[in-house]
Amino acid sequence: MKKSVWLPALIAPVVVAGVVAAPVIAQAASTPIAGDHPTAAAVIASIAKSSDARYSGKLAQTSDLGLPELPTGAGGSSLEGDASDALSLLTASHTARVYVDGASKQRVQVTEQLAEQDLIRNGSTVWTWDSKARTATKTTLPSRGAQAPGSGTTTPSDVAEQAIDAITPTTTVSKPVATSVAGHDAWLLTLTPKSSDTLVGRVQLAVDQQTGLPLRASVTAAGTTDPAFQVGFTSLDYGAPAARLFDFTPPTGADVSTKDLSDATPGSGARHHGSGSAERPTVSGTGWDTVVALPAGSADQAGLGSDASGLLDQLTTAVAGGRAVQTSLVSVYLTDDGRVLAGAVPVSTLVAAAK
């Protein structure tokens, strides 16, 4: 049975916006934030030390991407209902409870309209639970491989400085300024694109001054002042949550499925058999103007049901060679030959890149 393979492209706005700033955060390593006026690199480097943090808190997400607000479960089938439910994450405000006990125990709990969705990780076991659908999935994660060897001479500060240097050709990184989030002192960093073609105006990240824990992240569209997407803590208490929160047993009568990734090796089962490179996404442009293209067949609109086609028509408009949606942060272009292009750029840039 064909699936709504265009859905991941419609979820791309948040994903792509987050990926833009990822090189700065992903390369950070543990180091304290020294002094009353730390550098941006020091603040970024402090994030890694929060991986062992223990805390409980409440998160709030707000979105104003310019997409129409859709009721959850609007589709006529479970697949289309799942699509509208996923899209509602981008068009409405949401809150979640978060419980974290170090790097291997986490629980995220979303409760809305008398329904609950949970993601619980306890070591190598991850459960997802949807009380509305009464479905649970148990995933067994692979064990961590050995850390990649390093030269042993690079300090955490060196790594963070290199991360800053890597993005400064395309981005202005502000000096940290003091702020407060959920009652905790934080350093606020602002990343501003130098490109005039991107839809993104700025990305802001607030980092706890004491623990390095990211407390709030927001993305603002070019030419606007209010964030188009923001997620952050509204309450936060440090300390280990109760151990029972990371145990889960599916209720009686639940539909339970399992996935075992423990024997997975890098690249195994992750790609279709074939020539390889032609099946991988391609990337063009640089920095904030980057365009990611998925290969032909990624957006098979012909296989959609009538409800899914109607949802697609509601969200997109016809353009040369396909259909497209431009949110306040990211555009997605579905070509007639089944390709998907996405980026934090206008639709016209995607159409040009597809030629």
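Below, the structure is looked at part by part. For every chain, the first residue of the written sequence is number 1, and numbering continues from 1 onward in sequence order. Restriction of local features to residues with pLDDT of at least 70 applies here, the model being predicted, together with a cutoff of 80 or more for giving and counting side-chain atom pairs; totals for whole chains, interfaces and linings are based on all residues. Side-chain metrics in this entry use all non-hydrogen atoms of the structure; hydrogen atoms and water are not considered.

1. Observations regarding the overall build of the protein
When helices and strands are counted, the protein shows seven helices and 19 strands. Each of the 355 residues in the protein was classed as buried or not, and the buried ones make up 39%. Pairs at least 24 apart in sequence give 54% of the contacts found in the protein among residues at least 6 apart. All accessibility values rest on the Shrake-Rupley procedure with a 1.4 Å probe; residue burial counts only the protein chains present in the view. In the form shown here, the protein has an accessible surface area of approximately 18300 Å², with 53% of it arising from carbon and sulfur atoms. Under the scheme used here, helices are H or I runs from DSSP no shorter than 4 residues and strands are E runs no shorter than 2 residues, and both carry numbers assigned from the N terminus. Exposure is judged per residue with a 1.4 Å probe applied to protein chains only, and the accessible area is read against the type maximum: over 50% gives exposed, under 20% gives buried, and values in between give partly exposed. Contact definition: two residues touch when any of their heavy atoms are within 4.5 Å.

2. A look at the nonpolar core
Residues enter a nonpolar core if they are buried and are Ala, Val, Leu, Ile, Met, Phe, Trp, Tyr or Cys, with the set joined through side-chain atoms within 4.5 Å. In terms of nonpolar packing, the biggest core is built from 21 residues, with L189, V200, V203 and L329 touching the most fellow members. Of all the secondary-structure elements, those providing two or more residues to this core are helix 3 (40-46), strand 9 (184-193), strand 10 (200-208) and strand 11 (214-221). The element that contributes the greatest number of residues to this core is strand 10, accounting for four residues. By size, the runner-up hydrophobic cluster in this structure holds twelve residues, among which are V98, A206, L213 and L236.

3. Some words on the packing of aromatic side chains
A pair of aromatic rings is counted whenever rings of Phe, Tyr or Trp (Trp by its six-membered ring) have centres within 6.5 Å, and the orientation is called stacked for planes under 30 degrees apart, edge-to-face for over 60 and tilted otherwise. All told, the structure shown has four aromatic pairs when counted by the stated rule. Consider the rings of Y55 and Y238, whose centres lie 6.3 Å apart with planes at 75°: the pair is edge-to-face. Residue Y55 is located in strand 1 (residues 54-63), and its partner Y238 is located in strand 12 (residues 229-238); the two are separated by 183 residues in the primary sequence. Pairing W129 with F248 gives two aromatic rings, centres 6.1 Å apart and planes at 45°, and the pair type is tilted. With W129 in strand 5 (residues 125-130) and F248 in the loop between strand 12 and strand 13 (255-260), the pair connects residues that are 119 residues apart, well separated along the chain. A network of ring pairs unites the aromatic residues Y55, F233 and Y238 as a single cluster.

4. Structural notes on the sheet that holds strand 15 (residues 291-294)
Sheet strands pair by backbone hydrogen bonding; their relative direction is either parallel or antiparallel. What makes two strands pair is DSSP finding at least two bridges between them. Pairing within the open sheet is antiparallel, and its six strands lie in the order 14-15-19-18-17-16. In the strand order of this sheet, the two ends are held by strand 14 (282-284) and strand 16 (317-319), each with one partner. Between one strand axis and the next, the sheet turns through 25° on average, direction left out of account. Pairing between strand 15 and strand 19 (residues 340-343): four bridges, direction antiparallel. Within the sheet, the bridge partner assigned to L294 lies in strand 19 and is V340. Helix-sheet contacts for helix 7 (residues 347-354) involve strand 14, strand 15, strand 16, strand 17 (322-326), strand 18 (331-335) and strand 19, and the interaxial angle to strand 18 is about 40°. Whenever a helix is involved, its axis is fitted only over the stretch in contact; in every case the axis is a line through C-alpha atoms, and angles between N-to-C directions fall within 0 to 180 degrees.

5. A word on unusual backbone geometry
Within the chain, R134 stands out as a residue other than glycine whose phi angle is a positive 55°. Here R134 shows up in the loop between strand 5 and strand 6 (135-140). Positive phi values are uncommon outside glycine, yet A182 reaches one of about 55°. As for its position among the elements, A182 is in the loop between strand 8 (177-181) and strand 9.

6. Overview of the side chain of S218
You can see S218 is positioned in strand 11. Judged by relative accessible area, which is 4%, S218 ranks as buried. Here S218 is in contact with R202, V203, Q204, P227, F229 and Q230, once residues within four sequence places are set aside.

7. Quick notes on the pairing of strand 9
Of all ten residues making up strand 9, eight are buried, and the element is well covered by its neighbours. For strand 7 (residues 171-173) and strand 9, the ladder comprises three bridges, and the chain directions are antiparallel. Paired with T171 across the strands is P193, a residue of strand 9. Pairing analysis gives five bridges linking strand 8 to strand 9, with the strands arranged antiparallel. By the bridge assignment, V177 is partnered in strand 9 with L188. Between the end of strand 8 and the start of strand 9, which pair antiparallel, lie two residues, with A182 showing a positive phi angle near 55°.

8. With respect to the pairing of strand 1
Examined bridge by bridge, strand 1 and strand 2 (residues 94-101) share eight bridges and lie antiparallel to one another. Across the sheet, residue S56 finds its bridge partner in strand 2, namely Y99. Alignment of strand 1 against strand 12, held across nine bridges, turns out to be antiparallel. Pairing of S63 across the sheet is with F229, part of strand 12.

9. Considerations on helix 7
Inspection of helix 7 places V347, L350, V351 and A354 among the buried residues, and these make up the whole buried set. When helix 7 is viewed along its axis, its buried side chains cluster within an angular range of 100° and face the same direction. Structurally, helix 7 contributes buried residues whose contacts are with strand 15, strand 16, strand 17, strand 18 and strand 19. It is the directions from the helix axis to the C-beta atoms whose arc is reported.

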